[in-house]
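Listed here are the chains, written in short residue letters.
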Amino acid sequence: MDRNYRSRRGLRGFSVNRLIPNVLTLAALCSGLTAIRFALQGEFRQAVIAVIVAAIFDALDGRVARRLGVTSQFGAELDSLSDFLCFGVTPALVLYLASLKDGGALGWVVTLMFPICSALRLARFNTGLLADTPPPAWTGSFFTGVPAPAGALLALIPLVVSFEAEAAWPRHPLVVGAALVGVGGLMVSRLPTFSFKKGRVPRHLVLPLLLGAALVMGVIASSPWIGFSLLGLVYLCLIPFSWMAYRRQASQDRKVSSAAVVPLHSVDSRSVSDE
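Calculation rules
- Residues numbered from 1 in each chain as written.
- Predicted model: local features only at pLDDT ≥ 70, side-chain atom pairs only at ≥ 80, totals over all residues.
- Heavy atoms only, no water.
- Helix = DSSP H or I, 4+ residues; strand = E, 2+ residues; numbered from the N terminus.
- Buried < 20%, exposed > 50% of the residue type's maximum accessible area, 1.4 Å probe, protein only.
- Contact = heavy atoms within 4.5 Å.
- pLDDT = per-residue confidence, 0-100.
- Phe/Tyr/Trp six-rings, centres within 6.5 Å; stacked < 30°, edge-to-face > 60°.
- Axes fitted to C-alpha atoms, helices over the stretch in contact; angles between N-to-C directions.
- Parallel < 35°, antiparallel > 145°, perpendicular 65-115°, else oblique.
- Left-handed = near helix turned anticlockwise from the far one by under 90°.
- Nonpolar A, V, L, I, M, F, W, Y, C, P; charged D, E, K, R; others polar.

1. A closer look at the overall build of the chain
Item 1. Scanning the chain from N- to C-terminus turns up 11 helices and two strands.
Item 2. Scored against the burial criterion, the 275 residues of the chain give a buried share of 34%.
Item 3. A separation of at least 24 residues holds for 82% of the contacts in the chain among residues at least 6 apart in sequence.

2. Details of the confidence of the model for the chain
Detailed conclusions should not be drawn from predicted coordinates in areas where pLDDT is low.
Item 1. This prediction gives the chain a mean pLDDT of 82; 85% of its residues lie at or above 70.
Item 2. A low-confidence stretch, residues 5-11 stays under pLDDT 50, and its non-local contacts, those more than four residues away or across chains, total zero contacts.

3. Topic: the packing of aromatic side chains
Item 1. Taken as a whole, this structure holds four aromatic pairs when the rule is applied.
Item 2. When the ring of F142 is compared with that of Y246, the centres are 5.3 Å apart and the planes differ by 90°; the resulting orientation is edge-to-face. Placement of the pair is F142 in strand β1 (residues 142-144) and Y246 in helix α10 (residues 224-260), with a sequence separation of 104 residues.
Item 3. Overall, F142 belongs to the buried group, its relative accessible area being 14%.
Item 4. One aromatic cluster in this structure is built from F142, F194 and Y246.

4. Considerations on the packing of helix α2 (residues 19-40) against helix α4 (residues 73-98)
Item 1. For the pair α2 and α4, the least separation of the axes is 9 Å and the interaxial angle reads 15°. Here α2 is positioned roughly parallel relative to α4, judged by the angle of their axes. At the point where α2 passes α4, the crossing takes the left-handed sense. Contacts between α2 and α4 involve N22, T25, L26, A28, L29, G32, L33, A35, I36, A39 and L40 from the first element and F74, G75, L78, D79, S82, L85, C86, T90, L93, V94 and L97 from the second.
Item 2. Split by residue class, the contact of α2 with α4 holds 15 nonpolar, six polar and one charged.

5. Some words on the packing of helix α3 (residues 44-68) against α4
Item 1. Here α3 crosses α4 at 165°, and the two axes come no closer than 11 Å. It follows from the interaxial angle that α3 and α4 lie roughly antiparallel. In this structure, α3 meets α4 at a crossing whose hand is left-handed. Residues F44, A47, V51, A54, A55, D58 and D61 of α3 touch α4, and the partners they reach there are D79, D83, C86, F87, T90, V94, L97 and A98.
Item 2. Class assignment of the residues belonging to the contact of α3 with α4 gives a composition of 10 nonpolar, one polar and four charged.

Spelled out as structure tokens, the structure:
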């Protein structure tokens with residue numbers, strides 16, 4: 001009797017809501033693995049689509065977990081492992097099979113560098129979450145370096161351009177290798193980039209932003225590969241603005257902190273005069 005009651009109670013206490021974010025993470029993982037399968041078969045368009053689908057699932061799992069209030073350490077670790085495979089290993093292998101294998105040993109060295117940069121970035125991000133002193137709240141609007149999903153999609157831009165361009169140069173090992181090295185460097189850099197998670201849009205910019213989003217969706221609907229490439233270039237152009245916004249916010253934070261500190265000698269002088 002007691003055993004049956006405990007069993008029923010355990011089953012009742014395990015909410016299905018807790019499974020939803022992990023299912024989305026596993027869906028992203030499956031998409032990343034499927035992209036490798038497509039690349040091995042030479043179907044590089046489908047491989048890129050699979051990576052994009054993995055990025056969409058990855059963007060959803062954390063938000064769903066926070067909305068449902070079911071965030072957990074297990075989910076965070078699973079998400080990191082999925083990110084490493086989907087956005088570190090997978091794009092590197094896709095680009096190697098599409099282009100870098102013609103670069104010989106140097107092509108393989110460049111291929112290895114990208115997953116290593118992804119692993120280092122994810123390790124830095126995870127250790128930052130365990131810091132003893134939490135950073136200021138405003139830093140939640142920024143990432144340190146380019147996040148792994150965005151880095152994977154940026155690295156695939158030369159391959160995506162080759163789907164539309166009739167020339168062979170976008171898929172040349174030098175072009176693909178340079179893009180892979182550059183994006184890998186951005187991933188492990190200390191450059192602040194917009195996270196688009198906690199940012200607020202000023203009221204006067206809401207309408208232009210909606211019009212811009214509609215324009216982007218129209219371009220993607222009419223010419224997906226060109227639209228995807230332009231979206232990546234726009235993201236790269238935003239990096240200098242994110243750096244300036246970060247520096248401006250950090251400067252304001254330092255001014256507030258310095259204004260809140262009362263010098264000890266002034267306190268002593270006041271206490272002496274009062275006596």
